[in-house]
Structures are given as C-alpha cells and as structure tokens.
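Structural description and commentary
As a plain string of letters, each chain reads:
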Amino acid sequence: MPDLLLVVLPSLFAIVLIVLLIRMTGIAHPVVLETDVPVEKTIAEHFEGARIDRIIRSADKFGALVYLNNAPGLVLVRAIGDRMAVRALNASTIKSLEGDGMSLGISLHDFTWPKMHLDFTDEAVRVAEESAIHAAIKEHAHA
Amino acid sequence: MPEFLQGTPVTILAAPFFIVLILAEIILIRVRGTGGEYESKDAATSVFMGLGSSVINGITGLASGALLLLAYLLAPYKMPFNWFTLLTCFVLVDFTYYWIHRYMHRCRWGWASHVIHHSSQHYNLTTALRQTWTGLISGGVFFFIPITLMGFHPALLGFCYGLNLIYQFWFHTEVINKCPRWFEAIMNTPSHHRVHHANNPRYLDANYAGVFITWDKMFGTFVAERNSDAPRYGLVSDLGTFNPLRVATHEYVGIIKDAGQKGLSLKQRLWYIFAEPGWCHDDGRKSSRQIKTDYVTRHPEHKGEPGL
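Note that the coordinates shown come from a computational prediction; the quantities given were computed from them, not determined experimentally. (Residues numbered from 1 in each chain as written. Chains lettered and ligands numbered in written order. Predicted model: local features only at pLDDT ≥ 70, side-chain atom pairs only at ≥ 80, totals over all residues. Heavy atoms only, no water.)

1. A short note on the pattern of salt bridges
Scanning all chains against the criterion turns up 22 salt bridges over all chains. For A:Arg126, the salt bridge goes to A:Glu123, with nearest N and O atoms at 3.6 Å. Of this pair, A:Arg126 and A:Glu123 both sit in helix α3 (residues 123-142), separated by three residues, roughly a single helical turn. In this structure, the salt-bridge partner of B:Arg202 is B:Glu305, at a minimum N-O distance of 2.8 Å. With B:Arg202 in the loop between α10 (190-197) and α11 (214-219) and B:Glu305 in the segment after α14 (288-298), this residue pair connects regions lying 103 residues apart in the sequence. A relative accessible area of 2% means that B:Arg202 is categorised as buried. A residue is classified by how much of its surface remains accessible, and B:Glu305, at 18% relative accessible area, is buried. (Salt bridge = Lys/Arg side-chain N within 4 Å of Asp/Glu carboxyl O. Helix = DSSP H or I, 4+ residues; strand = E, 2+ residues; numbered from the N terminus. Buried < 20%, exposed > 50% of the residue type's maximum accessible area, 1.4 Å probe, protein only.)

2. A short note on empty space enclosed by the protein
Over the atoms a probe the size of a water molecule is rolled, and this reveals where empty space is left. Counting across every chain of the model gives one cavity of 30 Å³ or more. In this model, the largest cavity occupies a volume close to 120 Å³. For the largest cavity, the lining is made up of 13 residues, of which A:Ile80, B:Asp42, B:Ser119, B:Gln121 and B:Phe242 are closest to its centre. Among the residues making up the lining of the largest cavity, the classes are represented as four nonpolar, five polar and four charged. (1 Å grid on protein atoms, 1.4 Å probe; cavity = no way out; pocket = protein on both sides within 12 Å on 5 of 7 lines; lining within 4 Å. Points joined across faces, edges and corners; volume = space filled by probe spheres on them. Nonpolar A, V, L, I, M, F, W, Y, C, P; charged D, E, K, R; others polar.)

3. Points about the pairing of strand β2 (residues 63-68) of chain A
All names here are of chain A. Burial runs high along β2: six of the six residues are buried. Residues Gly-63, Leu-65 and Tyr-67 of β2 are buried on one face, and the alternating residues Ala-64, Val-66 and Leu-68, pointing to the opposite face, are buried as well. Judged from the five bridges that link them, strand β1 (residues 52-57) and β2 form a sheet pairing that is antiparallel. Directly across from Ile-56, in β2, lies its bridge partner Leu-65. Remark: five residues form the turn of the hairpin made by β1 and β2, two consecutive strands paired antiparallel; Lys-61 in that turn has positive phi of roughly 65°. With five bridges connecting them, β2 and strand β3 (residues 74-80) associate as antiparallel partners. Within β3, the position partnered with Leu-65 by the bridge is Leu-76. What sits between the antiparallel neighbours β2 and β3 is a turn of five residues, in which Gly-73 has the positive phi angle 90°. (Pairing = 2+ DSSP bridges.)

4. Observations concerning the packing of aromatic side chains
Centre-to-centre distance and the angle between the planes together describe a pair of aromatic rings. All names here are of chain B. Using the criterion set out here, one finds 19 aromatic pairs over all chains in the structure. Ring geometry for Phe-95 and Trp-215: centres 5.1 Å apart, planes at 65°, overall edge-to-face. With Phe-95 in helix α3 (residues 83-106) and Trp-215 in helix α11, the pair connects residues that are 120 residues apart, well separated along the chain. Ring centres 5.4 Å apart and planes at 75° place the aromatic pair Trp-109 and Tyr-252 in the edge-to-face group. Residue Trp-109 is found in helix α4 (residues 108-114), and its partner Tyr-252 is found in helix α12 (residues 244-259); the two are separated by 143 residues along the sequence. Owing to a relative accessible area of 25%, Trp-109 belongs among the partly exposed residues under this scheme. (Phe/Tyr/Trp six-rings, centres within 6.5 Å; stacked < 30°, edge-to-face > 60°.)

5. A look at the packing of helix α1 (residues 4-25) of chain A against helix α2 (residues 40-74) of chain B
Taken N-terminus to C-terminus, the directions of α1(A) and α2(B) make an angle of 170°; their axes are 9 Å apart at the nearest point. Here α1(A) lies roughly antiparallel to α2(B), going by the angle between them. Here α1(A) contributes A:Leu4, A:Val7, A:Val8, A:Ser11, A:Leu12, A:Ile15, A:Ile18, A:Val19, A:Ile22 and A:Arg23 to the contact with α2(B), which in turn contributes B:Ser40, B:Ala43, B:Ala44, B:Val47, B:Phe48, B:Leu51, B:Ser54 and B:Val55. When grouped by side-chain class, the residues that make up the contact of α1(A) with α2(B) number 14 nonpolar, three polar and one charged. (Axes fitted to C-alpha atoms, helices over the stretch in contact; angles between N-to-C directions. Parallel < 35°, antiparallel > 145°, perpendicular 65-115°, else oblique. Contact = heavy atoms within 4.5 Å.)

6. Looking at the interface of chain B and chain A
Where interface size is given, it is often the accessible area lost as the parts come together that is meant. At the junction of the two partners, chain B supplies 40 residues and chain A supplies 35 residues. Considering only the side of chain B, the residues that lose the most area to chain A are B:Ser40, B:Leu51 and B:Gly240, jointly responsible for 16% of the buried surface there. The interface formed by chain B and chain A includes two salt bridges. Between B:Glu37 and A:Arg83 there is a salt bridge, and its shortest N-O distance comes to 2.9 Å. Across the chain B-chain A interface, the total number found is 14 residue pairs in polar contact (both at pLDDT 80 or more). Those elements giving two or more residues to the side of chain B that touches chain A turn out to be α1 (10-32), α2, α12 and α14 of chain B. The dominant element in the side of chain B that touches chain A, judged by the number of residues it contributes, is α2(B), at ten residues. (Buried area = accessible area lost by both parts, 1.4 Å probe. Polar contact = N/O pair within 3.5 Å; in protein donor to acceptor, adjacent residues only side chain to side chain.)

Right, dumping it as structure tokens:
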C-alpha cells in the first residue's frame, strides 16, 4: 500500500489548484434562476410532452416549483452548480412540508436531496403555495 | 517477479500526469471556448472521489489480492513473466473488464458501486477520477479468478488492470471529437465513451469496453455517437448533492430502503438487490429497457436503430 500521505496531500493540493483555475478562467457558469427559461428547458428535457401550468421560482433563485397540466403533475427543480436536478413530487416522494414565515421547507424521501427551502415574497404567498402543493398531490394521486 | 510489478501501483504513479492533463483541459476549453464544461464543485467532488477510492481501495484491495493469490496457488501451470504473457494478460484483463463493467450496469448490487462514476452531469477528465469506494464488496474481483487460475500472477494482473485504467483516463473528454477511423474501429475513444456516459434512451447500457471497443461490437452492445442526438450526461435521476459520502453510498441506501419495504416477498427483496437497476415491484420506476421501450413508443420512427 502506498504511503497514504503521498496520495492524500498532493490530491488535496490538486483539488485546490483545479478549483482555482476553474474560477480564474471563468469557464463555469452556475445556474441562477433569473427567468423561467432554464426551468422550462429542464422540464422539457426530463418530461417529454409535459405542459407547464405555472412556475414558482424561489426568491433565492436556486429552486422552483413547477405545476404541470399532465403527469407527473408537480415537479421540484433545483440548480446544482451549473446543472439542474429534478424530482417529481407526490405522496411517496414528499416526507413533509414545513411552512415558516416566507419560507417553505420541503423534506423528501431522497438521500441525495433530503430537503429544500423555497423562499417566497411574503407569508400569504407561502401559505397559498403550501395549500396548492397539498391540492396538487391529492389531485395527482386520484388521477 | 520483475521489479516493476512490485511497489507503488501504476495508477498512483500516473496521478501527477492526470492532474496536469486536467489543468491543460481547463485551459484548452477556456482558449477554444468550446469542447467541454467544468464546474468547480463538481470537479472538486470528482477528484475527491478519486482520492477516496485510492485510499479505500488501496486498503481493501489487499483482500482482493489475497483471494486472487489463493486462486493462483491452485493453478496447475504458472505462466512465466515475458512480453508475450504481459500482452496476453492485458487482453484477458480487458476482456474481463468488459464483462465486469456489463455486470455493474445490469445488476443493481454492482451498480450501487459503479454508479459513482456516472453521477456527474459533466463529462471531462475529472469524471474519470470519480471512482467507486466500494470496489471490494461489488463482487467484481470474482471475474478475475479465471485469469489467475490460468497461471497469470495476480501482480501481473494488477499491473495490466492499472494500465487499463490509465488508458481509460484520456477519453473522458469532449475536447477530442473523433479519432482516426481505424482507431475508432478498434479502440475505445472519447466518442464511444461519451455514449456510455449519456442518459439519452438510445445510449443507455452501451459501450462497456475498457480499451478495445471490439468487445462491444462482438457482444452486441456497441452504439455509435450521433450528431443528431447529442449526449446528455449523468443519471436517469440526477443526484441533488455534491457531498462525497452521499455520492458514494446513495444507491446502497436506496437498496436498503427498497428491499426493506413492508409486505414484499423474499423474491421481491432479492430482486431489489440483484435485478437490473430501476426494477420495481409496482412499476413505480423504470429500468433502462423500459425507458428505451417508452421512447420507441413515443418515437416509432427510431425503432430498430442501434440502442433502441
């Protein structure tokens, strides 16, 4: 077995070097959800033929809730680096919804994406969206 | 035993060259403005996964080595060390790699270990370093036993396997589009391996080769890259984290959750462990075969094309 330090230390140095070079060259373009366009593109890629009803972007511009007119009904989208991750929301994927002020915490039965916060412009909007999520899940369960 | 077969593994010796090539790729992408993408967290995760793999598999590899040595001791004939046996062993290791790789994609237990390598949504040289931490328990080592029973020393096998992995590093890139035709016909290349990393329906479960793409052509798993269907990299359901521990273990957690559900038969529990990834007792998820079938149903004009 090679000397562990001879592997670990240069590797950590290499990570720092790579990250610095990526930042300095400016070749990475992390996703910020300024508009609905990246969300629409992501939905089209993952759910062919999906018809978007409405998109609720989180105030922090890193996540969005997407209501579809067809299956799977409700979708959570999240910026992860310069890419997006997507999960269909239903009774079996959602663990809990926790509203607190303007923020809505969505816990998922997902080891790599256990929780996400959506921030709204005011509490009334958050409460309305929380009810809408419950309704959409119920509607989709009966569909 | 020759000296070069002892001591530090060749993959560790090659690590500095890997890093230099990664830095060169980043600069080339910046200069050309095309030919690949990098993201700092993704790249850091990939290299860290490679570091973890070197350390963990460096330790657990001793158990694999012991198993192969035991098999070698049982071999009725011991191969001598020379260029011919080195070359023969290299080809045998690559042939075996094809089948291990195919097993890793077609059986969820193997996939739980190998999924790490496919968990990035990027395809660049750092992706090559995103390697498993659980190689020992994946079962892949058992595929190598026939080679040692043929009389090839485990150290020679390990050396050839290291060379195989080093070869596989360079083709994890979008900087190179196509290689010369004769080379594309025989060898694994960036184009062939981009197909392997893509989650487009037509590209799922294709191009398992390590060095020689001929194995895929022989065993019916070869799919050529199409300009009309650009590869989209990553998993069918992409990860929502860069946390290395979660990346390394998420499929095992999924297996435990699935197989531990209430009301399943023993057969169903075993299927959740050993059936193809995506298998589900209630059709709640889709295997790559079902994804391909769904795609062809929506696009019948593509029916019969390679990969569909």
